[in-house]
Amino acid sequence: QVQLVESGGGLVQPGVSLRLSCAASGSIFAIYTMGWYLQAPGKQRELVAAISSGGTTNYADSVKGRFTISRDNAKNTVYLQMNSLKPEDTAVYYCHLDALITMRGRGVYWGQGTQVTVSS
C-alpha cells in the first residue's frame, strides 16, 4: 500500500506565501516523479509542477517564477513553495506520485487533496 499525506493548505491573502508538503510512505521501491496538480471548481485537474528523481523540474506557465518544487529523496517528500499567491491560484491541490511499488510494479497515486484559498 502507498499513502500520500499532504499538508500546508489554507486561506491566505493575495501576495503572501504558502508551502505545501506531501510525504509518501509504503512499499516504495523507487520514485520516478512527484508533483502537484490543482483542480478548481468546475475545471479539470491540471499540472502545477513536477520533479523527477534526478531533480528535473517542470512548471505550468501560470506559476513559473512564483512557485518552486523541491524534493527530499531520503524522506520521500515533495514540497511546493508558493509565493506571490493570486486569487486565481485558489483550488484543491493534489500530490501526485509515479513510483515502482514492491510486488505491484509501477503505478500512479494521488493524495487526498488540500485546499488553497487566496482571497482578500
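Above this text sits the structure in question.
This report concerns the structure included in the present document. Along each chain, the written sequence defines residue order, and numbers are assigned to residues from 1. In keeping with the model being predicted, local features are shown solely for residues with a pLDDT of at least 70 and side-chain atom pairs are shown and tallied solely at 80 or more, while totals for entire chains, interfaces and linings include all residues. In computing side-chain values, all of the structure's heavy atoms are included and hydrogens and water are not.

Examining the pattern of salt bridges
Part 1 of the reasoning: A pairing counts as a salt bridge when a side-chain nitrogen of Lys or Arg comes within 4 Å of a carboxyl oxygen of Asp or Glu. Counted by the stated rule, this structure contains 3 salt bridges.
Part 2 of the reasoning: Arg106 is the salt-bridge partner of Asp98, the closest N and O atoms lying 2.8 Å from each other.

Focus: the environment of Leu4
Part 1 of the reasoning: With respect to the helices and strands, the residue Leu4 is situated in strand E1 (residues 2-7).
Part 2 of the reasoning: Leu4 sits 73 residues away from Thr77 along the chain, and the two C-alpha atoms are 9.1 Å apart.
Part 3 of the reasoning: Should any heavy atoms of two residues lie within 4.5 Å, those residues are considered in contact. Dropping the residues within four chain positions of it, Leu4 is found in contact with Cys22, Ala23, Ala24, Cys95, Leu97, Tyr109, Trp110, Gly111 and Gln112. Counting from the N terminus, the helices are the DSSP runs of H or I reaching at least four residues and the strands are the DSSP runs of E reaching at least two.

As for the sheet that holds strand E3 (residues 18-26)
Part 1 of the reasoning: Strand order in the open sheet formed by 4 strands is E1-E3-E8-E7, with antiparallel pairing between adjacent strands. Every interior strand has two partners, whereas the edge strands, E1 and strand E7 (67-72), have only one. Ignoring which end each strand starts from, the neighbouring axes of this sheet average 15° apart.
Part 2 of the reasoning: With 6 bridges connecting them, E7 and strand E8 (residues 77-82) associate as antiparallel partners. Bridging from a neighbouring strand, Phe67 pairs with Met82 of E8. Note: two strands are recorded as paired if DSSP finds a minimum of 2 bridges between them. In this analysis an axis means a line fitted to C-alpha atoms, helices contributing only their contacting stretch, and an angle means the value between N-to-C directions, from 0 to 180 degrees.

Some points on the packing of aromatic side chains
Part 1 of the reasoning: Two rings from Phe, Tyr or Trp (for Trp, the six-membered ring) form a pair when their centres are within 6.5 Å of each other. A pair whose planes differ by under 30 degrees is stacked, one over 60 is edge-to-face, and the rest are tilted. In this structure the tally under the stated criterion is 1 aromatic pair.
Part 2 of the reasoning: Each ring, one from Tyr37 and one from Trp110, has its centre 5.0 Å from the other, and the planes form 75°; the classification is edge-to-face. Here Tyr37 is found in strand E4 (residues 28-39), whereas its partner Trp110 is found in strand E10 (residues 105-110), with 73 residues between them in sequence.
Part 3 of the reasoning: It is Arg19 that lies over the ring of Tyr79; its NZ or CZ is 4.1 Å from the centre. For a ring to carry a charge above it, either NZ of a lysine or CZ of an arginine must fall within 6 Å of the ring centroid while also lying within 35 degrees of the normal to the ring plane.

A short note on the pairing of E7
Part 1 of the reasoning: Relative accessible area decides the class of each residue, using a 1.4 Å probe on protein chains only: under 20% of the type maximum gives buried, over 50% gives exposed, and in between gives partly exposed. Burial along E7 is one-sided: Phe67, Ile69 and Arg71 are buried, and none of Thr68, Ser70 and Asp72, which face the opposite way, are.
Part 2 of the reasoning: Hairpin remark: E7 followed by E8, antiparallel, with 4 residues in the connecting loop; positive phi at Asn76, about 50°.

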